[in-house]
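Here is how the chains run, residue by residue.
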Amino acid sequence: MLGMTPTLEHEYLLELVRNRPSLVVSLLTNMKIEVPCFDDAQLGNCDFTDIQPTEFRADSVVTLLHQGKPVTAVVLEVQRRFDKDKQWSWPVYMATLRARQKCPVVLLVFCVNRETAVACARPIHMGHPDWVLHPCVTDLHDVPKVTDLHEAYANPELAALSAIAYGIRGGDEALEVLRTWLDAEQHPLEGQPSYAALVYAMLSGPDAVQLFKELNVAIGIKEAMRNPIIREAVEYGEAKGDAKAVLRILNRRRIPVPFETQERILACDDLATLETWIDRAVTASTVEELFD
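Fair warning: this is a prediction, and the values are worked out from it, not measured in the lab.

(A) Focus on helix α13 (residues 271–283). A rise of 1.5 Å per residue sets the reference length of α13, with its 13 residues, at 18 Å; its end C-alpha atoms lie 19 Å apart and thus fit the reference within 8%. Within α13 the residues assigned to the buried category are Leu274, Trp277 and Ala281. Each buried residue of α13 sits inside an arc of 55° when the element is viewed along its axis, so together they form one side. For α13, exposure combined with an orientation more than 90 degrees from the buried face picks out Asp279 and Thr283.

(B) The packing of helix α6 (residues 156–169) against helix α7 (residues 172–185), seen in detail. Packing of α6 against α7 leaves a shortest axis separation of 9 Å and a crossing angle of 155°. With respect to α7, the axis of α6 lies roughly antiparallel. Here α6 runs over α7; the crossing is left-handed. Two secondary-structure elements touch here, α6 through Ala159, Ala160, Ser162, Ala163, Tyr166 and Gly167 and α7 through Glu173, Ala174, Val177, Leu178 and Trp181.

(C) Spatial organisation of the sheet that holds strand β1 (residues 40–43). A sheet is described by the order of its strands in space; here 5 strands give the open sequence β1-β2-β3-β4-β7, paired in mixed fashion. The sheet is open, and its two edges are formed by β1 and β7 (136–139), each paired on a single side. Taken pair by pair, the neighbouring strands of this sheet meet at an average axis angle of 25°, ignoring direction. The pairing of strand β3 (residues 69–79) with strand β4 (residues 105–111) spans 7 bridges and is parallel.

(D) Just the nonpolar core, in detail. Membership of the largest hydrophobic core comes to 47 residues, with the highest contact counts inside it found for Tyr12, Leu13, Phe110 and Trp181. For this core, the secondary-structure elements that each account for two or more residues are α1 (6–19), α2 (23–30), β2 (60–66), β3, β4, α6, α7 and α8 (196–202). When residues in this core are grouped by element, the largest group, 8 residues, is from α6. Among the nonpolar cores identified, the runner-up in size contains 21 residues, and Phe48, Met94, Leu107 and Cys111 belong to it.

(E) Region of interest: α2. When you tally the buried positions in α2, you get 6 out of 8 residues, the bulk of the element. By the burial criterion, the buried members of α2 are Leu23, Val24, Val25, Ser26, Leu27 and Leu28.

(F) Representation of the side chain of lysine 86 within the structure. Assignment of secondary structure puts lysine 86 in helix α3 (residues 86–101). Residue class for lysine 86 comes out buried when judged on its relative accessible area of 15%. Sequence-distant contacts of lysine 86, defined by excluding residues within four places in its chain, comprise Glu77, Gln79, Pro91 and Tyr93.

What counts as what
- Residues numbered from 1 in each chain as written.
- Predicted model: local features only at pLDDT ≥ 70, side-chain atom pairs only at ≥ 80, totals over all residues.
- Heavy atoms only, no water.
- Helix = DSSP H or I, 4+ residues; strand = E, 2+ residues; numbered from the N terminus.
- Expected span 1.5 Å × (residues − 1).
- Buried < 20%, exposed > 50% of the residue type's maximum accessible area, 1.4 Å probe, protein only.
- Arc of directions from axis to C-beta.
- Axes fitted to C-alpha atoms, helices over the stretch in contact; angles between N-to-C directions.
- Parallel < 35°, antiparallel > 145°, perpendicular 65-115°, else oblique.
- Left-handed = near helix turned anticlockwise from the far one by under 90°.
- Contact = heavy atoms within 4.5 Å.
- Pairing = 2+ DSSP bridges.
- Core = buried A, V, L, I, M, F, W, Y, C linked by side-chain atoms within 4.5 Å.

Following this line, the structure appears as structure tokens:
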């Protein structure tokens, strides 16, 4: 079974939202946050960079429309850990999107654990009197439990997210949720993408393995690799392994590697380049020869 990587841990919700933008509404309503009446949900531009050199880019943006006009826009951010710099960039995202769409804006932060969620929920004091931003924060423990087959058919992305959230926890509830998700997954509506490989890749713990055995789920590596974000996550893991291999070889050969060069090597995600560096590290007399 594939192990969960930082790339996959960050991207799986975004993949579900890309296929069904209205999934953010399910998360918001589950948090008792009122959403106006809408008849369409569309992905928006995530780039909030203006003329300044600093790059501002959100993970995802969903615009809710009623009769073709924006009624609410949602900035979706996925956080694996607390990043204090986000307290400066999140207000930029919201203000830029509000000016662009001419409608109210909501910040929805999805965290992979409760500790991160508590930190991300801290109020952001803007400085102006009574202007305080309270991020709408949720995590895997808040994901709705989808055990109704009709709901799973109607919202397969929410069912997949529920399967991941409860599958990670394990226990009797997990089996019930996974069984519901699998029933819907095995009889998809026409044109509905499969999330079997994605759910399978996310649930790599021993409890999840046993759950899949009980449900008779078998997904091979080739099938899993058809999913682009799983493929990217695996390639990310391979690249990180190759980068560390370059540094290990140089260390064994007692070749000094400056800190800046270590960062350059570890930041590389091109497998072909890393393979070249590995070959050169075996014979190089200086680290500079890697890049010649």
